[in-house]
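Coordinates in review
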Amino acid sequence: CNTHKCIPECNECTGKSAGPCQHDKDDTCHSYMKGSVNTCPPGTHECVVQDCVVSEWTVWSKCDAKCGGGNQYRSRHVLVAPSKGGKQCPA
């Protein structure tokens, strides 16, 4: 279960002029490696904005009443939580 990769915890590096790479130990922001378009220096990880990802809706439950109305339910759950600046999960 939960085989998706975890999103690194990021500070405000995303979108800053200092660069999108955050140091793994002291959280300082760094630019991509010189001569590289999108490679962070060793000991850093790229801070990308991650939107919320939710599962598909489950099938509707059986009606909870035999007659006179009743209710049916369905649900979905969060697969990937949003990072700072990402689109929030639906209510």
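Shown above is the structure to which this text applies.
Quick look at the structure, then. (Residues numbered from 1 in each chain as written. Predicted model: local features only at pLDDT ≥ 70, side-chain atom pairs only at ≥ 80, totals over all residues. Heavy atoms only, no water.)

**Considering the overall build of the chain**
This is how it is decided: Secondary structure elements follow DSSP: runs of H or I no shorter than four residues count as helices, runs of E no shorter than two count as strands, and numbering proceeds from the N terminus. Only protein chains enter the area calculation, which uses a 1.4 Å probe; residues under 20% of their type maximum are buried, those over 50% are exposed, and those in between are partly exposed. Contacts: residue pairs with any heavy atoms within 4.5 Å of one another.
Along its length, the chain carries zero helices and five strands. Reading the helices (α) and strands (β) of the chain from amino to carboxyl end gives β-β-β-β-β. For the chain, buried positions account for 16% of its 91 residues. Residue pairs at least 24 apart in sequence account for 39% of intrachain contacts in the chain once pairs closer than 6 positions are excluded.

**Observations regarding the state of the cysteines**
Applicable threshold: Counting rule for disulfides: a pair of cysteine sulfur atoms within 2.5 Å.
Counting across every chain of the model gives two disulfides. Residue pairing for C21: its cysteine sulfur links by disulfide to C40, the two sulfurs lying 2.1 Å apart. Handedness of the C21-C40 disulfide follows from its S-S torsion of about -80°: it is left-handed. Residue C21 is found in strand 1 (residues 21–23), and its partner C40 is found in the loop between strand 2 (29–30) and strand 3 (44–46); the two are separated by 19 residues along the sequence. Taken as a pair, C21 and C40 share a single burial class, namely buried. Note on cysteine connectivity: C52 is disulfide-linked to C89, with sulfurs 2.0 Å apart. Where C52 bonds to C89 through sulfur, the torsion about that S-S bond is close to 100°, and the disulfide is right-handed. One end of the pair, C52, is in the loop between strand 3 and strand 4 (53–54); the other, C89, is in the segment after strand 5 (78–80), with 37 residues separating them in the sequence. When its relative accessible area of 27% is taken as the criterion, C89 is described as partly exposed.

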